[in-house]
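# Remarks on the overall topology
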Amino acid sequence: MLRILVNALRTGIVTTHYPAVPSVPADRFRGAPVFRLGSHLPPPEVCPTGAISERLDARGRHVGLDLARCVFCGRCAEEPWSGAVTIGRDFELAARCRDDLRIEVVADEQRVGVAALELDADGGAPAKSEIRRVLGRSLHLRHLDAGSCNACDWELTACIQLTMQKRGVRFFRARNAPELERIPFNLTHQRME
Amino acid sequence: MALATVMETDEKQYPDADLKMRYVFEPAAPGNENKGERSASNPDAKRNHGRAQHQEKPQPSEVDRFVTLLISVDPASPEAPSLTTMVPAANWHEREMQDLFGIVPVGHPDPRALVVHDGWPRGVFSLRKTFGGSQHVPVEPAAEFPHLVAEGEGVFEIPVGPIHAGIIEPGHFRFTSVGETVLHLDARLFYTHRALEKRMEGLSTLNAFYVAERICGVYSFAHGLGYCEAVEQIASVEAPPRARLIRSIALELERLYNHVGDIGNMCAGAAFHYGTATGLLLRERLQQMNERLAGNRFLRGLVIPGGVRLDLSDDLVRVLTTTLENTRAGVDSLMERIEANSSVVDRLDETGVLQYQAAVDLATAGVAARASGVDRDARRDHPHGAFASSAPPSLNVVTASGGDAMARMMVRTLEARESIRLVGEFVRRLEPGPLVVALGKALPGGRIGISAIESPRGEAVHWLRTDADGHVERYHLRSPSYHNWPAVALAAETAIVPDFPLVNKSFELCYSCTDR
């Protein structure tokens, strides 16, 4: 028992002060792909998950990237496209709306989802205050795995134990308790029962 | 002979135009022949409660062979005699075949549905070629699933799940118990069946790789590697030596972070919170190192068909060496605390016993098999990565005889130390050289690749066949958890209900790669 106390004291606090102190991911970390404006962007078939799309109109070739479909494999930034696409290290990719995850590049300009532009301009503020009003300062979550690969289950466990609990986020087991249900990506036929 | 996997193929495009069942067997490891003669002569034995011992290498002649029993089935009247009563490990395989291919295993002792659940329409078989992968399947009203339960005076039925209290994957457990004693456990899984094997059909072998790598989070590397080795077999190429070493390093790192995390989780099952927190911390540091190495905490994006995408620079080797030194010290210190804590040892000892014969009959894999005295390890029996070279490094296969939760924890501990030693050995062998070998424009059609990878939880068997265009025609993964789940139910029946979480955690099986 004494050894355990000594070991625990020696270990000290291991959690970080994120988000007050930004977290810097490793050099090789693969975050959102970044399209370089004015370069020849890769065709859709480069992407194994169909996250890259293209269409032609009077203004030229539009190349779209859907971050919700991206699995961050880094293939679009490999040769010969490494000049046109770089893999960014941005990992804070949460969005309030599905359209916010769509990015489009046409000719020399870059557009992100229309909804995102509105939210950022001013629509974001009321949404934020509404969330605060309904949920207060602590959030009770319930996790329902409807067909994950278990990576998110493991990461959530790590989040909770290492940082989230001290930020007022708690996980709940009972069906009536949670304020927010978190359902990772797909829904299998089995879970529709 | 042990059952490696069972899978079926729809040969509609081939001259036979039938359904084919393939029972793939592998030779039993030679270490299992003269079991009784092993003694606890190992110097570590006392320290580890006299349970764990090392086993030396087998004769090379028995290495890396598969024998396939091929059965042709008429699609008009699809049925075949069940082998389950003779080969118990075929049980789930045959139930799955009935669900997904519509082949009836005649004489199967338990022909209930396994993969498809209530509401899946009758007569729709998703792995037949006539079934379109994107077609919408309606949910039909269905009767309640017939759980296998015991009945009698004072017998209680306890349903648990499929949604659990913690953040874990879904599975339903139906216990029948008298008092605290478990009489029977009927586990119902496949809630996360995404038909990934169907999804991969028709994709190019490269595009399908990204699916294989994502079947399961914590085995991302092992499953990615198994798929790549099957592709390389079909293309008749070998990854360059440097790539093979980097693959083996990553495979050991995956084993290490899983084993360390599992030791912590077992502490959670035994209500030893210091151990849980320490395990989590050690695991977290290893995963942060994974990110520096592969750009991903689950080691995704490192292996690729033909080799590896990223090199191991000298700087990274230094980070690796330091982290592994710290991990070794951390594991040693944690195990000292566990062994000195009689309440934890008492919970683990003789809890959830899996007998040697049951482990053999069910063809259990990995830690669960080795902790019950079954000497099998795919790194030795089916050499892959750096073990598939002319002078492979020596590998100590750790086995124990207890078959209880403590034996599984000890096997994990010794294997974690062995993994650290192996990584050092692989790093010393690194020579400059190419990382990838070209696979050629299109892969040859109609060829089969089989690979077996020792993932953190045991041998995973990958079976891949290409179509005329060199795309994926059929892919099947038999994960170690697939063979180990029935063993959990057996082990649980030797325990009391409150110990089930501990028994379950001592196997630490995976739902997503069982369900696919």
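Position labels on residues start from 1 in each chain and follow its written sequence. Throughout, the order in which chains and ligands are written sets their labels, letters from A for the former and numbers from 1 for the latter. Local features in a predicted model are, by the rule used here, given only for residues with pLDDT of at least 70; side-chain atom pairs are given and counted only at 80 or more, and totals for whole chains, interfaces and linings are based on all residues. Side-chain metrics rest on all non-hydrogen atoms present in the structure, leaving aside hydrogens and water.

## Here we look at the overall build of chain A
For chain A, the helix and strand inventory stands at 3 helices and 9 strands. In sequence order, the secondary structure elements of chain A are arranged as α-β-β-β-β-β-β-α-β-α-β-β. Type-normalised accessible area, obtained with a 1.4 Å probe on protein chains alone, sets the label of each residue: buried when under 20%, exposed when over 50%, and partly exposed for intermediate values. The proportion of buried residues among the 193 residues of chain A is 37%. Reported accessibility uses the Shrake-Rupley method at a 1.4 Å probe radius. Residues are deemed covered only where the shown protein chains occlude them. When the accessible area of chain A is evaluated, it comes to approximately 11800 Å², of which 57% is carbon and sulfur surface. In this description a helix means any DSSP run of H or I spanning at least four residues, a strand means any run of E spanning at least two, and both kinds are numbered starting from the N terminus.

## Points about the overall build of chain B
Scanning chain B from N- to C-terminus turns up 15 helices and 15 strands. Against the compact-globule benchmark of 24 Å for 516 residues, chain B has a radius of gyration of 22 Å, which places it among compact chains. Along the first, second and third principal axes, the C-alpha atoms of chain B reach 70 × 60 × 40 Å. Pairs of residues are marked as contacts when any of their non-hydrogen atoms sit within 4.5 Å. Nonlocal contacts in chain B, meaning residues at least 24 apart in sequence, comprise 71% of its contacts between residues at least 6 apart. On chain B, roughly 18600 Å² of surface is accessible, and the fraction owed to carbon and sulfur atoms is 53%. Radius of gyration means the value over C-alpha atoms here, while the globule rule gives 2.2 Å times the residue count to the 0.38 power.

## Examining the sheet that holds strand β9 (residues 181-188) of chain B
Residue and element names in this part refer to chain B. Paired strands are those between which DSSP finds at least two bridges. The antiparallel open sheet is built from 3 strands, whose spatial order is β7-β8-β9. Lying at the two open borders of the sheet, with one neighbouring strand each, are β7 (155-160) and β9. Ignoring strand direction, the axes of neighbouring strands in this sheet form an average angle of 20 degrees. For strand β8 (residues 172-178) and β9, the ladder comprises 7 bridges, and the chain directions are antiparallel. Bridging from a neighbouring strand, threonine 176 pairs with histidine 184 of β9. To get an axis, a line is fitted to the C-alpha atoms, and for a helix only the part in contact is used. The angle between two axes follows their N-to-C directions and goes from 0 to 180 degrees.

## Side note on the interface of chain B and chain A
On the side of chain A, 45 residues touch chain B, which itself brings 58 residues to the contact. Buried area, as used here, totals the accessible surface that two parts lose on assembly, with accessibility defined by a 1.4 Å probe and the loss added over both. Note on chain B versus chain A: buried area summed over both sides is about 4300 Å², and carbon and sulfur give 58% of it. One speaks of a salt bridge when a side-chain nitrogen belonging to Lys or Arg is within 4 Å of a carboxyl oxygen belonging to Asp or Glu. On inspection of chain B and its partner chain A, the count reaches 2 salt bridges. The shortest N-O distance in the salt bridge between Glu155(A) and Arg297(B) comes to 2.5 Å. Polar contact criterion, stated in full: a pair of N or O atoms within 3.5 Å, where within protein one must be able to donate a hydrogen and the other to accept it, and residues adjacent in sequence count only if both atoms are side-chain atoms. At the surface where chain B touches chain A, the tally comes to 18 residue pairs in polar contact (both at pLDDT 80 or more). Looking at the side of chain B that touches chain A, the elements that each hand over two or more residues are α3 (205-212), α6 (273-294) and α7 (314-340) of chain B. Top element by residues in the side of chain B that touches chain A is α6(B). It accounts for 11 residues. When the residues that make up the side of chain B that touches chain A are grouped by side-chain class, the tally is 29 nonpolar, 13 polar and 16 charged. Gly is placed with the polar residues, together with every amino acid not listed as nonpolar (Ala, Val, Leu, Ile, Met, Phe, Trp, Tyr, Cys and Pro) or charged (Asp, Glu, Lys and Arg).

## Concerning the packing of α6(B) against α7(B)
Residue and element names in this part refer to chain B. Two elements in contact, α6 and α7, have axes whose closest approach is 11 Å; the angle formed by their N-to-C orientations is 170 degrees. In terms of orientation, α6 lies roughly antiparallel with respect to α7. Contacts between α6 and α7 involve Tyr274, Gly275, Thr278, Gly279, Leu282, Arg285, Leu286, Met289, Arg292 and Leu293 from the first element and Leu316, Val319, Leu320, Thr323, Leu324, Thr327, Gly330, Val331, Ser333, Leu334 and Arg337 from the second. Classifying every residue of the contact of α6 with α7 gives 11 nonpolar, 7 polar and 3 charged. Reported orientations rely on four angle classes, namely roughly parallel under 35 degrees, roughly antiparallel over 145, roughly perpendicular from 65 to 115, and oblique for the rest.

## Digging into the environment of Val169(A)
Residue and element names in this part refer to chain A. For valine 169, the location among the structural elements is in strand β8 (residues 169-171). By relative accessible area, which is 14% here, valine 169 ends up buried. For the pair valine 169 and leucine 141, spaced 28 residues apart in sequence, the C-alpha separation works out to 7.2 Å.

## What to know about unusual backbone geometry
Of the consecutive residues Glu79(A) and Pro80(A), the connecting peptide bond is found in the cis state with omega at 0 degrees. Mapped onto the secondary structure, Pro80(A) falls in the loop between β3 (60-66) and β4 (85-87). The backbone phi angle of Ala17(B) is positive, close to 50 degrees, even though this residue is not glycine. Along the chain, Ala17(B) falls in the loop between β1 (2-10) and β2 (19-26). Residue class for Ala17(B) comes out partly exposed when judged on its relative accessible area of 41%. A positive phi is found at Leu299(B), a non-glycine position, where the angle reads about 65 degrees. Summarising the element assignment, Leu299(B) is placed in the loop between α6 and β10 (303-304).

## Digging into a nonpolar patch on the surface
Together, Leu2(A), Leu5(A) and Val6(A) line one region of the surface with nonpolar side chains, adding up to about 290 Å² of accessible area. With respect to the helices and strands, the residue Val6(A) is situated in helix α1 (residues 2-11). Patch membership requires more than 30% relative accessible area and the absence of a salt bridge. Residues of like charge join within 9 Å; the nonpolar side chains Val, Leu, Ile, Met, Phe, Trp and Tyr join within 5 Å.

## Description of the confidence of the model for chain A
Residues and elements named next belong to chain A. Model confidence for chain A is summarised by a mean pLDDT of 75, while 72% of its residues fall at 70 or above. No element of chain A has a lower mean pLDDT than strand β9 (residues 180-182), at 55, and none a higher one than β4, at 87. For the stretch residues 114-123, pLDDT sits under 50, and the model shows 10 contacts to residues farther than four places along the chain or on other chains. Confidence of the predictor at the level of single residues is given by pLDDT, which spans 0 to 100.

## Side note on the pairing of strand β15 (residues 472-478) of chain B
Residues and elements named next belong to chain B. Within β15, 7 of the 7 residues are buried, which leaves it mostly tucked inside the rest of the structure. Alignment of strand β14 (residues 458-466) against β15, held across 6 bridges, turns out to be antiparallel. Across the sheet, residue arginine 465 finds its bridge partner in β15, namely arginine 474. Counted between consecutive antiparallel strands, the loop separating β14 from β15 contains 5 residues, among which glycine 470 sits at a positive phi close to 85 degrees.

## Things to note about the sheet that holds strand β13 (residues 448-455) of chain B
Residue and element names in this part refer to chain B. Spatial ordering of the open sheet is given by β13-β14-β15, a layout of 3 strands whose pairing is antiparallel. Looking at which strands have only one partner, the edges of the open sheet turn out to be β13 and β15. The mean inter-strand angle of the sheet, taken between neighbouring strand axes irrespective of direction, is 15 degrees. Bridging between β13 and β14 involves 8 bridges; their strand directions are antiparallel. Opposite glutamate 454, over in β14, you have glutamate 459 as the bridge partner. Across the sheet, helix α4 (residues 220-235) is in contact with β13, β14 and β15; its angle to β13 comes to roughly 150 degrees.

## Focus on the packing of aromatic side chains
Note on ring pairs: Phe, Tyr and Trp rings are taken, using the six-membered ring of Trp, and paired if centres are within 6.5 Å. Classes follow the plane angle, with under 30 degrees stacked, over 60 edge-to-face and the rest tilted. Within the structure shown, the criterion is met by 15 aromatic pairs over all chains. Measuring from centroid to centroid gives 5.3 Å for Phe209(B) and Tyr210(B), while their planes differ by 70 degrees, and the two rings are edge-to-face. One aromatic cluster is present, built from ring pairs that chain together Phe173(B), Phe175(B), Trp485(B), Phe500(B) and Tyr511(B). Sitting over the face of the ring of Phe145(B), Arg188(B) holds its NZ or CZ atom 3.7 Å from the ring centroid. Cation placement over rings: the criterion is NZ of Lys or CZ of Arg within 6 Å of the ring centroid and within 35° of the ring normal. The positively charged end of Arg283(B) is found above the aromatic ring belonging to Trp154(A), 4.0 Å away from the centroid.

## Considering the side chain of Asp186(B)
All names here are of chain B. Residue placement: aspartate 186 occurs in strand β9. A polar contact is formed between the side chain of aspartate 186 and the side chain of arginine 112, at a distance of 2.9 Å. Reaching out from aspartate 186, the side chain makes a polar contact with the backbone nitrogen of leucine 148 at a distance of 2.9 Å. Those residues in contact with aspartate 186 that sit more than four places away from it in its chain are Arg112, His147, Leu148, His172, Phe173 and Arg174.

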